[in-house]
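# A structural walkthrough
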Amino acid sequence: ITTFAPGARKGDTASSSFVGITASSFNSVSLTPPLVLWSLGHRASTLPLFHAGTHYVVNVLAVNQLEVCNRFAFGKGDRFADTAYTLGQSGLPILDGALAWFECHNRSRHEEGDHVIFVGEVERCGFADGGQPLVYQSSQFSTTQALP
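In short, a report on the structure.

About the cut-offs
Residues numbered from 1 in each chain as written. Predicted model: local features only at pLDDT ≥ 70, side-chain atom pairs only at ≥ 80, totals over all residues. Heavy atoms only, no water. Helix = DSSP H or I, 4+ residues; strand = E, 2+ residues; numbered from the N terminus. Rg over C-alpha atoms; globule rule 2.2 N^0.38 Å. Buried < 20%, exposed > 50% of the residue type's maximum accessible area, 1.4 Å probe, protein only. Contact = heavy atoms within 4.5 Å. Areas by Shrake-Rupley, 256 points an atom, 1.4 Å probe, with all protein chains shown as cover. Core = buried A, V, L, I, M, F, W, Y, C linked by side-chain atoms within 4.5 Å.

Scanning the protein for helices and strands turns up 2 helices and 11 strands. Start at the N end of the protein and walk to the C end: the helices and strands fall as β-β-β-β-α-β-α-β-β-β-β-β-β. Its C-alpha atoms give the protein a radius of gyration of 15 Å, near enough to 15 Å, the size a compact globule of 148 residues would have. Projected onto its principal axes, the C-alpha positions of the protein cover 50 × 35 × 30 Å. Counting every position in the protein, which comprises 148 residues, the buried fraction comes to 40%. For the protein, long-range pairs separated by at least 24 residues make up 61% of all intrachain contacts whose partners lie at least 6 apart in sequence. Of the roughly 8500 Å² of accessible surface on the protein, a fraction of 54% belongs to carbon and sulfur atoms.

What follows deals with unusual backbone geometry. Of the consecutive residues T32 and P33, the connecting peptide bond is found in the cis state with omega at -5°. Relative to the helices and strands, P33 resides in the loop between β3 (27-30) and β4 (35-41).

Turning next to the nonpolar core. Counting residues in each nonpolar core, the largest one holds 15 residues, and the members touching the most others are I1, W38, L40, F50, Y56 and F118. Looking at this core, the elements that each hand over two or more residues are β4, α1 (47-52), β5 (55-60), β8 (100-112) and β9 (115-127). In this structure F118 touches V36, L37, W38, L40, L47, F50, H51, Y56, N106, S108 and R109, once residues within four positions along its chain are discounted.

This is how it looks when you write it as C-alpha coordinates:
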(Lines give C-alpha, C1' and ligand atoms only; values in the text may rest on other atoms or scores of the structure.)
Protein backbone atom coordinates (compact mmCIF):
# COMPACT_ATOMS: atom_id res chain seq x y z
CA ILE A 1 0.00 0.00 0.00
CA THR A 2 1.54 3.36 -0.98
CA THR A 3 0.71 6.92 0.06
CA PHE A 4 2.29 10.36 0.44
CA ALA A 5 4.99 11.08 3.04
CA PRO A 6 4.63 14.12 5.32
CA GLY A 7 4.82 17.36 3.36
CA ALA A 8 4.65 15.66 -0.05
CA ARG A 9 2.25 16.85 -2.72
CA LYS A 10 0.74 15.37 -5.86
CA GLY A 11 3.31 15.68 -8.62
CA ASP A 12 6.34 15.17 -6.37
CA THR A 13 8.53 12.46 -7.87
CA ALA A 14 11.34 12.03 -5.35
CA SER A 15 11.04 8.65 -3.68
CA SER A 16 11.28 10.27 -0.24
CA SER A 17 7.87 11.80 -0.99
CA PHE A 18 6.20 8.42 -0.46
CA VAL A 19 5.72 5.77 2.18
CA GLY A 20 4.74 2.18 1.62
CA ILE A 21 3.87 -0.88 3.66
CA THR A 22 3.11 -4.53 3.07
CA ALA A 23 -0.42 -5.52 4.02
CA SER A 24 -1.12 -9.20 4.45
CA SER A 25 -4.57 -8.98 2.90
CA PHE A 26 -7.26 -6.81 1.44
CA ASN A 27 -10.84 -7.55 0.45
CA SER A 28 -13.53 -6.24 -1.82
CA VAL A 29 -16.47 -4.68 0.02
CA SER A 30 -18.86 -3.36 -2.61
CA LEU A 31 -19.28 -3.09 -6.38
CA THR A 32 -21.50 0.02 -6.24
CA PRO A 33 -19.69 2.09 -5.23
CA PRO A 34 -16.44 0.12 -5.73
CA LEU A 35 -14.96 -0.30 -2.24
CA VAL A 36 -12.02 -2.32 -0.88
CA LEU A 37 -10.67 -2.69 2.66
CA TRP A 38 -7.39 -3.45 4.42
CA SER A 39 -6.15 -2.97 7.97
CA LEU A 40 -3.12 -1.60 9.82
CA GLY A 41 -2.10 -2.18 13.43
CA HIS A 42 -2.25 0.62 15.99
CA ARG A 43 1.49 0.29 16.62
CA ALA A 44 2.51 0.83 12.98
CA SER A 45 4.67 3.93 12.59
CA THR A 46 2.90 4.76 9.32
CA LEU A 47 -0.61 4.68 10.81
CA PRO A 48 -0.88 8.49 11.20
CA LEU A 49 0.08 8.98 7.52
CA PHE A 50 -2.53 6.56 6.22
CA HIS A 51 -5.13 7.82 8.69
CA ALA A 52 -4.69 11.47 7.65
CA GLY A 53 -4.07 10.91 3.94
CA THR A 54 -6.74 11.37 1.30
CA HIS A 55 -5.50 8.68 -1.13
CA TYR A 56 -3.49 5.47 -1.32
CA VAL A 57 -2.74 2.75 -3.86
CA VAL A 58 -3.20 -0.97 -3.20
CA ASN A 59 -0.60 -2.88 -5.26
CA VAL A 60 -1.16 -6.64 -5.66
CA LEU A 61 2.32 -8.17 -5.84
CA ALA A 62 3.42 -10.96 -8.14
CA VAL A 63 5.20 -14.09 -6.92
CA ASN A 64 8.54 -12.73 -8.21
CA GLN A 65 8.21 -9.62 -5.99
CA LEU A 66 9.03 -11.27 -2.66
CA GLU A 67 12.02 -8.92 -2.23
CA VAL A 68 9.76 -5.87 -2.66
CA CYS A 69 7.27 -7.41 -0.23
CA ASN A 70 9.97 -7.88 2.41
CA ARG A 71 11.46 -4.41 1.83
CA PHE A 72 8.07 -2.78 2.41
CA ALA A 73 7.33 -5.04 5.40
CA PHE A 74 10.65 -4.86 7.23
CA GLY A 75 12.84 -2.31 5.47
CA LYS A 76 14.22 0.79 7.11
CA GLY A 77 14.75 4.15 5.46
CA ASP A 78 13.61 4.87 1.90
CA ARG A 79 11.75 1.78 0.73
CA PHE A 80 11.38 3.30 -2.73
CA ALA A 81 15.12 3.83 -3.37
CA ASP A 82 15.46 0.45 -5.12
CA THR A 83 11.82 0.04 -6.14
CA ALA A 84 10.68 0.76 -9.69
CA TYR A 85 7.34 2.50 -9.99
CA THR A 86 5.25 4.84 -12.10
CA LEU A 87 2.95 7.54 -10.79
CA GLY A 88 -0.77 6.97 -11.13
CA GLN A 89 -3.29 9.73 -11.71
CA SER A 90 -3.45 10.26 -7.95
CA GLY A 91 0.28 11.09 -8.01
CA LEU A 92 1.07 7.97 -5.98
CA PRO A 93 3.36 5.04 -6.87
CA ILE A 94 2.07 2.04 -8.76
CA LEU A 95 4.79 -0.58 -8.31
CA ASP A 96 6.27 -1.93 -11.54
CA GLY A 97 5.48 -5.62 -11.90
CA ALA A 98 2.35 -5.53 -9.72
CA LEU A 99 -0.37 -7.85 -11.01
CA ALA A 100 -3.10 -5.36 -10.18
CA TRP A 101 -3.45 -1.94 -8.61
CA PHE A 102 -6.27 0.12 -7.10
CA GLU A 103 -6.03 3.90 -6.71
CA CYS A 104 -8.31 4.67 -3.76
CA HIS A 105 -9.82 7.63 -1.98
CA ASN A 106 -9.45 7.09 1.78
CA ARG A 107 -13.22 6.95 2.35
CA SER A 108 -13.44 5.81 5.96
CA ARG A 109 -11.54 4.33 8.87
CA HIS A 110 -12.85 2.07 11.62
CA GLU A 111 -11.07 1.31 14.89
CA GLU A 112 -11.51 -2.37 15.70
CA GLY A 113 -9.44 -4.21 18.29
CA ASP A 114 -5.75 -3.48 17.81
CA HIS A 115 -6.16 -2.40 14.15
CA VAL A 116 -7.69 0.33 12.03
CA ILE A 117 -9.73 -0.90 9.08
CA PHE A 118 -9.38 1.35 6.03
CA VAL A 119 -12.16 1.43 3.45
CA GLY A 120 -11.09 2.86 0.12
CA GLU A 121 -13.29 3.94 -2.75
CA VAL A 122 -11.61 2.77 -5.95
CA GLU A 123 -11.17 5.67 -8.37
CA ARG A 124 -9.04 3.83 -10.94
CA CYS A 125 -7.63 0.33 -11.25
CA GLY A 126 -5.65 -1.81 -13.65
CA PHE A 127 -4.03 -5.20 -14.04
CA ALA A 128 -1.16 -6.93 -15.80
CA ASP A 129 -1.53 -9.77 -18.25
CA GLY A 130 -0.44 -13.09 -16.77
CA GLY A 131 1.61 -13.84 -13.70
CA GLN A 132 0.93 -15.48 -10.36
CA PRO A 133 0.07 -13.55 -7.18
CA LEU A 134 2.27 -13.58 -4.10
CA VAL A 135 0.23 -15.17 -1.30
CA TYR A 136 0.94 -15.29 2.44
CA GLN A 137 -0.80 -18.11 4.28
CA SER A 138 0.03 -20.26 7.32
CA SER A 139 3.11 -18.11 8.04
CA GLN A 140 4.70 -18.76 4.66
CA PHE A 141 4.75 -17.30 1.15
CA SER A 142 3.38 -19.19 -1.82
CA THR A 143 1.18 -18.58 -4.84
CA THR A 144 -2.19 -19.84 -6.01
CA GLN A 145 -2.80 -22.82 -8.23
CA ALA A 146 -5.76 -23.54 -10.46
CA LEU A 147 -8.16 -26.23 -9.31
CA PRO A 148 -8.00 -29.48 -11.31
